[in-house]
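Geometric and topological summary
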Amino acid sequence: MAENLNFDTLNTPGAVFFIFGATGDLAKRKLFPAIYSLYREGKLSEDFAVIGVARRPRTQDEFRQDVYSSIQEFGRYRSDLNAEWDAFAQHFEYKSLDINDIDGFRELREQTEQLEAKYEIPGNRLFYLALAPELFGSVSFNLMKGGMLDGAGWNRLVIEKPFGYDLESAAKLNEEINQVFKEEEIYRIDHYLGKEMVQNIEVIRFANAFFEPLWNNKHIANVQITLSETVGVEERGGYYDHAGALRDMGQNHMLQMLTMIAMEPPSRLLPEDIRDEKVKVLRSLRPYASSEEVADHVVRAQYTKGSNGSKELPAYREEDKVNPESNTETYFAARLFVDNFRWAGVPFYIRTGKRLPVKTTEVVVEFKRMPGNVYLGQKHSLEPNLLVIRVNPMEGLYVKINAKKPGSESEIEPVAMDFCQSCLVGINSPEAYERLIHDAARGDHTYFTRWDEVATAWSFVDKIAQSWRDNQGPLENYPAGSWGPQQADALLEKDGFHWWPVNGQDEDKVIWTKS
Ligand code: BG6
C-alpha cells in the first residue's frame, strides 16, 4: 500500500491528539509550541483537537492558559499568538485522569466522541505519551479497556525515550505495548532524527555527485561524531544517575546518527526501506569480544569540580539526587567499526559528555590523504579534506579543502567552502518535534525507530555496560568545563588521527559565516 506514498504531499488527516503528561516539562517546552507552529503553518488539518491528559485537576481555562504561556515562552511564532489565539485555543480540552482508573478512560472516550462530532474528525486518534516509560504498558492497556481504541479511524502511539534500560527490559516493554498496538501503529521518538541537519545527511549523501562516489573505505579515513553539552544533569539527577551517558545518548542519538552516515542507499525512499538499511548498519557493528576489548575501545569518565570560565561548577557527585559515590559516566568516547564491504577498516569515533566547554553536535568525515602527491605533497604538509556537518545549535556544513594562500607564491592553506543554514533560516528552523508530530499525524515512520533498530542498538550497548558493571576498564575523571579525559584523545592517536576541533572550540580556525 505504501508503494507510491509521497509523504511531502500527503495532507494531515483530521485527528484528536492526546497529550498524556500534559502538565509536564516536555509538553510545555516542546509539544504545545510544536502544535502551534504546525497550525500556524497550515500543516494541521482544520479538523483537529487536542486533549491534554494528566492527573492534576485543571479547568479547561486553566489548561488553555498553560498552553498559551508555553507558546509565549517557547514558541517560534509567539509574536502573532494573540491574533490567532481564540481560534486555536478552542481546539484544546483537558481531562484529569488517574491512569489506573478505567472509568476515567471511559469518560475520556465520551469526551473524545463529542469532540470528534464537533469537528467532524473521522475517528483518528494519536496518543502521545510524554510519561515515564514504566507507564507505557499500563496506559496502552487501559486505552484498550476504556474503549479508546474503538474509534472509526486509525490509532497511533507516540512514545519517548528511554525505551528500556537494556535489551531485556526494552523487550519486555515492547511486548507489553504490542499486546495493544501493532508495530506499524507505534512511533518511537528519537528527537535527533527530527533535526534538520540529521535529515539532511541523506540528501547530502544521495543527491551529490561529489560525495556518494567517495563514500567508502577507499576514500574515507575516519568519521567522528561529537555531541557535547555544557549543561550538567540539571534537575534530572535521579534519572541520569541510573542511566549514564551511554544509555542516555549513546544507545539512541549517537548510533542513529551513525546509521544515517553509514547506511547503504535504500532501494526506494520509503520508510521501511530506509529503516531496513539503518538496521543493517547496526547489525554490522563489530561487537566487542571481551572486556579487554571494551576497555581498549571505549573510554568512560565522570566530571569533577571545574569552571566554565566565569562560574565554578560542582562535581557530578555533588549534583542534586546523585549518589555521592556514584560511578555513573557523564562522558564516553568509543571507537567503532562497521564490518561491511563499504566500511571495512574505517574507524567511527563517537563521543558525548555533559559539562564540556561548548554545546555542539557535529559530524566530521575525514577523507584519506592524497596518495603519491609528489608535486605538492613533498613541499607541504597538506591537511586532509573534511566534510563537516553541523547539526546543533549551528546548522550547516562545510568542506575543508587545500588552496593557495592569496598573495603568496607557493604557500598552501586549508580553506572552507561553507553553507551556513542557521544564517539563512535563523531561529525559524523548524523544531525537531514539529517535524516528528507532523510525520506521525501523516503516518510517515521514516524518522522513528523501529523495534529491531532499538533491539540491535541495545544488544551492542549492553556488552559495554556489562563490562563496566563487571568493573572492567577504569572510570576516568575530567574537570567540568574541560574537553574530557586525555584517554579519549589516545583512542584516535593510536590510529594516527586526532579529534578535529568543533564549532566554538578555540582552535577552530575554519572560516564559518557568522551572520
Ligand atoms: C536527551 C537527553 O535525549 O537529549 C539529554 O536525555 C540531552 O540528557 C538531550 O541533554 C540533548 O538534546 P539536544 O537536542 O539539546 O542536543
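An unreviewed UniProt entry lists the chain under the name Glucose-6-phosphate 1-dehydrogenase, from Paenibacillus algicola. Its UniProt record, at the heading Sequence similarities (unreviewed entry), says of the chain: "Belongs to the glucose-6-phosphate dehydrogenase family." Its UniProt record, at the heading Catalytic activity (unreviewed entry), says of the chain: "D-glucose 6-phosphate + NADP(+) = 6-phospho-D-glucono-1,5-lactone + NADPH + H(+)".

Below, the discussion takes up the UniProt feature "domain: Glucose-6-phosphate dehydrogenase NAD-binding" (unreviewed entry) in the chain. Residues annotated in UniProt with the feature "domain: Glucose-6-phosphate dehydrogenase NAD-binding" (unreviewed entry) correspond here to residues 19-200. Structurally, residues 19-200 comprises 47% helix and 15% strand, and the distance from its first C-alpha atom to its last is 29 Å.

The sites that UniProt annotates as "binding site: NADP(+)" (unreviewed entry) are Gly21, Ala22, Thr23, Gly24, Asp25, Leu26, Ala27, Lys28, Arg55, Asp98, Ile99 and Lys161. Relative to the helices and strands, Thr23 resides in the loop between strand E1 (15-20) and helix H1 (25-40). With residues up to four places along the chain from it excluded, the contact list for Thr23 reads Ala54, Arg56, Arg58 and Tyr94.

Turning to the site of the ligand, a few remarks are in order. As a matter of local geometry, the ligand sits amid Lys161, His191, Tyr192, Lys195, Glu229, Arg236, Asp248, Met249, His253, Lys354, Lys359 and Asn392. At 2.5 Å, a side-chain N or O of Tyr192 approaches an oxygen atom of the ligand. At 3.0 Å, a side-chain N or O of Asn392 approaches an oxygen atom of the ligand. Contact with the protein chains hides 80% of the accessible area of the ligand, taken as 390 Å² for the molecule alone. Taken together, the residues of the shell around the ligand sort by class into two nonpolar, three polar and seven charged.

Closest axis-to-axis distance for the helix H9 (residues 271-284)/helix H13 (residues 451-469) pair is 9 Å, and the angle between their directions is 15°. Judged by the inter-axis angle, H9 sits roughly parallel to H13. Two packed elements cross with a definite hand, and for H9 against H13 that hand is left-handed. Of the residues in H13, those touching H9 at Arg275, Lys278, Val279, Leu282 and Arg283 are Asp452, Glu453 and Thr456. Its residues assigned to classes, the contact of H9 with H13 comprises two nonpolar, one polar and five charged.

With that settled, the discussion passes to the packing of helix H6 (residues 167-178) against H13. Interhelical geometry of H6 versus H13 gives an angle of 160° and a closest axis separation of 9 Å. By the criterion of interaxial angle, the relationship of H6 to H13 is roughly antiparallel. Packed against H6, whose contacting residues are Leu167, Ala170, Ala171 and Asn174, the element H13 presents Trp451, Ala455, Trp458, Ser459 and Asp462 at the interface. Class assignment for the residues of the contact of H6 with H13 results in six nonpolar, two polar and one charged.

For Ile159, the location among the structural elements is in strand E5 (residues 155-159). In this structure Ile159 comes out as buried when scored by relative accessible area, which is 1%. Spatially, the C-alpha atoms of Ile159 and Tyr128 are 6.2 Å apart, while their sequence positions differ by 31 residues. For Ile159, the contacting residues outside a window of four places in its chain are Leu129, Phe136, Ile177, Ile186, Tyr187, Arg188 and Ile189.

Turning our eyes to something else, we now look at unusual backbone geometry. Cis geometry is found at the peptide bond from Lys161 to Pro162, where omega equals 0°. The residue Pro162 is located in the loop between E5 and H6 in this model. A cis geometry characterises the amide bond from Asn392 onward to Pro393, with omega recorded as -10°. The residue Pro393 is located in the loop between strand E14 (386-392) and strand E15 (396-404) in this model. At Glu234, a position not held by glycine, the phi torsion is positive, near 50°. Inspection of the secondary structure puts Glu234 in the loop between strand E7 (220-228) and helix H8 (237-262). Residue Lys321 is not a glycine yet carries a positive backbone phi of 65°. Counting through the fold element by element, Lys321 comes out in the loop between strand E10 (312-313) and strand E11 (331-337).

Attention now moves to the pattern of salt bridges. Within this structure, the stated rule accounts for 38 salt bridges. One salt bridge in this structure joins Glu272 and Arg450, with 2.7 Å as the shortest N-O distance. Here Glu272 is found in helix H9, whereas its partner Arg450 is found in the loop between helix H12 (432-442) and H13, with 178 residues between them in sequence. Residue Glu272 is classed as partly exposed on the basis of its relative accessible area, which comes to 34%. The structure contains a network of salt bridges with shared partners spanning Glu272, Arg275, Asp276, Arg283, Arg450 and Asp452.

Moving on to the state of the cysteines. Under the defined criterion, the tally for this structure stands at one disulfide. Here Cys420 is linked by a disulfide to Cys423, with a sulfur-sulfur distance of 2.0 Å. Taking the torsion about the sulfur-sulfur bond, which here is approximately 80°, the covalent link between Cys420 and Cys423 counts as right-handed.

Now for the side chain of Thr226. Tracing the sequence through the fold places Thr226 in strand E7. In terms of polar contacts, Thr226 uses its side chain to reach the side chain of Arg351, at 2.9 Å. With sequence-adjacent residues up to four places away left out, Thr226 is seen in contact with Arg351, Thr360, Thr361, Glu362, Trp499 and Val502.

Moving on, we get to the pairing of E1. With six of six residues buried, E1 is to be regarded as a mostly interior element. Going residue by residue along E1, you find Ala15, Phe17 and Ile19 tucked away on one face and Val16, Phe18 and Phe20 tucked away on the opposite face as well. The pairing of E1 with strand E2 (residues 48-54) spans six bridges and is parallel. Its bridge partner being in E2, Phe17 is matched across the sheet by Val50.

Calculation notes
- Residues numbered from 1 in each chain as written.
- Predicted model: local features only at pLDDT ≥ 70, side-chain atom pairs only at ≥ 80, totals over all residues.
- Heavy atoms only, no water.
- UniProt positions renumbered as here; feature names shortened; annotations may be inferred.
- Helix = DSSP H or I, 4+ residues; strand = E, 2+ residues; numbered from the N terminus.
- Contact = heavy atoms within 4.5 Å.
- Near = heavy atom within 4 Å.
- Polar contact = N/O pair within 3.5 Å; in protein donor to acceptor, adjacent residues only side chain to side chain.
- Areas by Shrake-Rupley, 256 points an atom, 1.4 Å probe, with all protein chains shown as cover.
- Nonpolar A, V, L, I, M, F, W, Y, C, P; charged D, E, K, R; others polar.
- Axes fitted to C-alpha atoms, helices over the stretch in contact; angles between N-to-C directions.
- Parallel < 35°, antiparallel > 145°, perpendicular 65-115°, else oblique.
- Left-handed = near helix turned anticlockwise from the far one by under 90°.
- Buried < 20%, exposed > 50% of the residue type's maximum accessible area, 1.4 Å probe, protein only.
- Salt bridge = Lys/Arg side-chain N within 4 Å of Asp/Glu carboxyl O.
- Disulfide = S-S within 2.5 Å.
- Pairing = 2+ DSSP bridges.

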